[in-house]
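Architecture at a glance
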Amino acid sequence: WDLTPYERAKATSPEAAAIYDKNSGRAGTAPLARAAFSWYSPLSRHKGDARLLRYFQNGLDFFTGCVRKDGLMGNFGLNGEGWAHGWDVEGLVYGLVWCGDALDPAVRRRALERLRLSASRFAVLGPSGSYGNQACVQILGLYLYGCLLDLPILLVFSILVIYMVL
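Criteria and cut-off values
- Residues numbered from 1 in each chain as written.
- Predicted model: local features only at pLDDT ≥ 70, side-chain atom pairs only at ≥ 80, totals over all residues.
- Heavy atoms only, no water.
- Helix = DSSP H or I, 4+ residues; strand = E, 2+ residues; numbered from the N terminus.
- Expected span 1.5 Å × (residues − 1).
- Buried < 20%, exposed > 50% of the residue type's maximum accessible area, 1.4 Å probe, protein only.
- Arc of directions from axis to C-beta.
- Contact = heavy atoms within 4.5 Å.
- Salt bridge = Lys/Arg side-chain N within 4 Å of Asp/Glu carboxyl O.

A word on helix 3 (residues 26–40)
Quick reminder: α-helices carry 3.6 residues per turn. Residues three or four places apart thus point the same way. Between its terminal C-alpha atoms helix 3 stretches 20 Å, which fits the 21 Å expected from 15 residues at 1.5 Å a residue. Inspection of helix 3 places Gly28, Thr29, Leu32, Ala33, Ala35, Ala36 and Trp39 among the buried residues, and these make up the whole buried set. The arc that holds the buried residues of helix 3, viewed along the axis, is 165°, so those residues lie on one side. Looking at the buried residues of helix 3, the elements they touch are helix 4 (50–65) and helix 5 (85–99).

Written out as structure tokens, the structure reads:
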């Protein structure tokens, strides 16, 4: 994911590129959250289903593995380089909370490290959306990162965005 767009296009088959594009950002992370919730929920007929846990874990490892050295998630969705990153990361954060210690410790550790890097990049953007929904999604992303990674400064940043744009 650290390749330039030209280098990535050259190294990726058109079929694979189409799959990556179709499942970028929230389109790829939302199904992971649904699988994690179904695995976790005591009301789910799929509670404890090892296949769902494995599906979430593999997706988590893939998406967090796409976080580049500069903190940008390499396969972000629409507007995911800015305010919409909150949508891209939302399902991963929820799934990490729901699946917790059931995840492979190495995958969980690596995911948290990569998300910390991504959170650092996201935190310094300042308000990057317009009023309303866009600002709320950015606030959500900052708040979720702050809670998951135990970074109170991100909770403060989320409040600052509220006052700056709403």
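Quick look at the environment of Gln138
Looking at where Gln138 falls in the secondary structure, it is placed in helix 7 (residues 133–149). Judged by its relative accessible area of 2%, Gln138 falls in the buried class. Here the alpha-carbon distance between Gln138 and Cys99, two residues 39 residues apart in the chain, equals 24 Å. Among residues more than four places away in sequence, those in contact with Gln138 are Trp83, Phe122, Leu125, Gly126, Pro127, Ser128, Gly129 and Val161.

Overview of the pattern of salt bridges
Going through the model one piece at a time under the given rule, you end up with four salt bridges. Here Arg110 and Asp61 are joined by a salt bridge, their closest N and O atoms 3.1 Å apart. One end of the pair, Arg110, is in helix 6 (residues 105–123); the other, Asp61, is in helix 4, with 49 residues separating them in the sequence. Assessed through its relative accessible area of 35%, Arg110 is described here as partly exposed. Judged by relative accessible area, which is 28%, Asp61 ranks as partly exposed. Of the charged contacts in the structure, one is a salt bridge between Arg109 and Glu113, with a shortest N-O distance of 3.8 Å. Highlighted residues: Arg109 and Glu113, both in helix 6, separated by four residues, approximately one helical turn. The exposure class assigned to Glu113 is partly exposed, which follows from its relative accessible area of 47%.

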